[in-house]
Amino acid sequence: MEWQTYLRELYNVHLKFCQLGDEKREELNRDADPHNVTPREIAIDDKYDAKFKEVQATLQTLYHRQADLQKRFGANPFAFQFSIVQTSRIQNANCALQRSPRYAPNDADDP
Amino acid sequence: MIFRVATLTALGLCLVSLSCGQISTSSAQTPAVQEATPPDQKDVTPKLNTTAKPKKVITNEDLEPHSAAGTTDKIITGDVSSLLNCDAGCEQQAREFLGYDADYEAEWRMQVVRARRDLIADSEWRGMLSQSIGQHRTYCNFLAQQSQKTAPSGNSWAAQVQRARNAKYFETMGNTLRQGLEMSVNRMNNHIKEVGELSPARAAMMNVQANRIFDRACDQPPQR
């Protein structure tokens, strides 16, 4: 149960990364000049760099807990390896789902 | 790439033979120190040098004084610390290698946290890096030694024999270095491949680290 909670927390942090990435992209699309790098664009980059670093620190703290939790699987090598695969799947997942277009239920084109 | 591997291979051999040389010299010197005979050694060494200077065969022991000669060691030590860590530039190269452009910043930012952490904790990889750095240094010393052309240039029998001995030495030493280097490269590649299955980001960072070591140009040979 505690392991499942940990995985959920890990995934929540992953979502936070994706959310920040989306926000940064949207903000840059709105404010950046496609022909030049403007001070505004640099400011946005700096702002999100700080935000990303915050979430990275959270993730780092989360990883500290992982080793202790995984020790419980030490008696079963398969369970231990499976726990590694679980975390690496979350860690290596991309944010494609968040990027896909979302259709409202009342969209006129939706059959 | 082939050239790089060949260069690496050549470096590897040196390490093996050098370490043997270092062991033999230290074991020979330690008893001498215990017997309190350094003055005798000091007396003998110059005589050997002066008498055998024109015909001297370069041995493994000759490599060691070059590396311990002073300033070059300090330079290499500085390089080592930067080569053992994957700094921001190294991370950026790994990111570009994996194709994480601005659209995939979130994914990269997340993966790099774990990659950094695991990379620091991977003592086996750090050992491989240290070994390959040593091999590179040894190979550079070998190349410097080779370029110094200490063999006599006359047509006398003794000079010809000395030149033949030198050529044989450089060939054997070069082969040894290449074999050891090849083994190191294979070990590193295998480790990178294993890591890459679970953490592509970490594997890419390791790849950059390895390339940085083996792509380095040799420093200028020490001035005599």
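Residues numbered from 1 in each chain as written. Chains lettered and ligands numbered in written order. Predicted model: local features only at pLDDT ≥ 70, side-chain atom pairs only at ≥ 80, totals over all residues.

1. Re the overall build of chain B
Alright, step 1. In terms of regular secondary structure, chain B is built from nine helices and zero strands.
Alright, step 2. In chain B, the succession of α and β elements from N to C terminus is α-α-α-α-α-α-α-α-α.
Alright, step 3. A buried classification covers 31% of the 224 residues belonging to chain B.
Alright, step 4. By sequence separation, contacts in chain B at least 24 residues apart represent 89% of the contacts at least 6 residues apart. (Helix = DSSP H or I, 4+ residues; strand = E, 2+ residues; numbered from the N terminus. Buried ≥ 20, exposed ≤ 12 C-beta atoms within 10 Å, placed from the backbone. Contact = placed C-beta atoms within 7 Å.)

2. Topic: the overall build of chain A
Alright, step 1. Across its full length, chain A holds four helices and zero strands.
Alright, step 2. Counting helices and strands in the order they occur from the N terminus, chain A gives α-α-α-α.
Alright, step 3. Here the contacts in chain A between residues at least 6 apart in sequence split such that 64% fall between residues at least 24 apart.

3. Points about the confidence of the model for chain B
All names here are of chain B.
Alright, step 1. Across chain B, the average pLDDT comes to 70, with 62% of residues at 70 or higher.
Alright, step 2. Note on residues 1–56: pLDDT under 50 across the span, and 79 contacts to partners over four residues away in sequence or across chains.
Alright, step 3. Ignoring residues within four places in sequence, the model shows residues 62–78, a span with pLDDT below 50, making 23 contacts including any to other chains. (pLDDT = per-residue confidence, 0-100.)

4. With respect to the environment of serine 130 of chain B
Alright, step 1. Inspection of the secondary structure assignment puts serine 130 of chain B in helix H7 (residues 123–147).
Alright, step 2. In this structure, the C-alpha to C-alpha distance between serine 130 of chain B and valine 80 of chain B, residues 50 residues apart in sequence, is 7.7 Å.

5. Things to note about the interface of chain A and chain B
Alright, step 1. Listed by partner, the interface residues are 18 residues for chain A and 14 residues for chain B.
Alright, step 2. Top contributing element to the side of chain A that touches chain B by residue count: helix H1 (residues 2–31) of chain A, with seven residues.
Alright, step 3. For the side of chain A that touches chain B, the class distribution of residues is eight nonpolar, eight polar and two charged. (Nonpolar A, V, L, I, M, F, W, Y, C, P; charged D, E, K, R; others polar.)

6. Observations concerning the packing of H1 of chain A against helix H3 (residues 77–92) of chain A
Residues and elements named next belong to chain A.
Alright, step 1. Remark: H1 packs on H3, axes separated minimally by 9 Å, with the N-to-C direction vectors making an angle of 20°. In terms of orientation, H1 lies roughly parallel with respect to H3. Relative to H3, the crossing made by H1 is right-handed. Between H1 and H3, the residues in contact are Trp3, Leu7, Leu10, Tyr11 and His14 and Ser83, Gln86, Thr87 and Ile90, respectively. (Axes fitted to C-alpha atoms, helices over the stretch in contact; angles between N-to-C directions. Parallel < 35°, antiparallel > 145°, perpendicular 65-115°, else oblique. Left-handed = near helix turned anticlockwise from the far one by under 90°.)

7. Points about helix H6 (residues 105–121) of chain B
Alright, step 1. Helix length check: H6 of chain B (17 residues) gives 25 Å between terminal C-alpha atoms against 24 Å at 1.5 Å per residue, within 8%.
Alright, step 2. The buried fraction of H6 of chain B amounts to twelve of the 17 residues, a majority that puts the element mostly inside the structure.
Alright, step 3. The elements touched by buried residues of H6 of chain B are H1, helix H2 (39–71) and H3 of chain A together with helix H5 (88–98) and helix H9 (200–214) of chain B. (Expected span 1.5 Å × (residues − 1).)

8. A short note on H2 of chain A
Alright, step 1. With 33 residues, H2 of chain A extends 49 Å between its outermost C-alpha atoms, agreeing within 8% with the 48 Å of an ideal straight helix rising 1.5 Å per residue.
Alright, step 2. Within H2 of chain A, burial applies to Tyr48, Phe52 and Leu59 of chain A.
Alright, step 3. On its buried face, H2 of chain A sits against H1 of chain A together with H6 of chain B.

9. Regarding the packing of H7 of chain B against H9 of chain B
Residue and element names in this part refer to chain B.
Alright, step 1. Interaxial distance between H7 and H9 falls to 9 Å at its minimum, and their mutual angle equals 15°. What the angle tells us is that H7 and H9 run roughly parallel. Regarding H7 and H9, the two cross each other, and that crossing is right-handed. Where H7 abuts H9, its residues Trp125, Leu129, Ser132, Ile133 and His136 lie against Met206, Gln209, Ile213 and Phe214.

10. Comments concerning the environment of aspartate 31 of chain A
Alright, step 1. Looking at where aspartate 31 of chain A falls in the secondary structure, it is placed in helix H1.
Alright, step 2. The exposure class assigned to aspartate 31 of chain A is exposed, which follows from the 12 C-beta atoms found within 10 Å.

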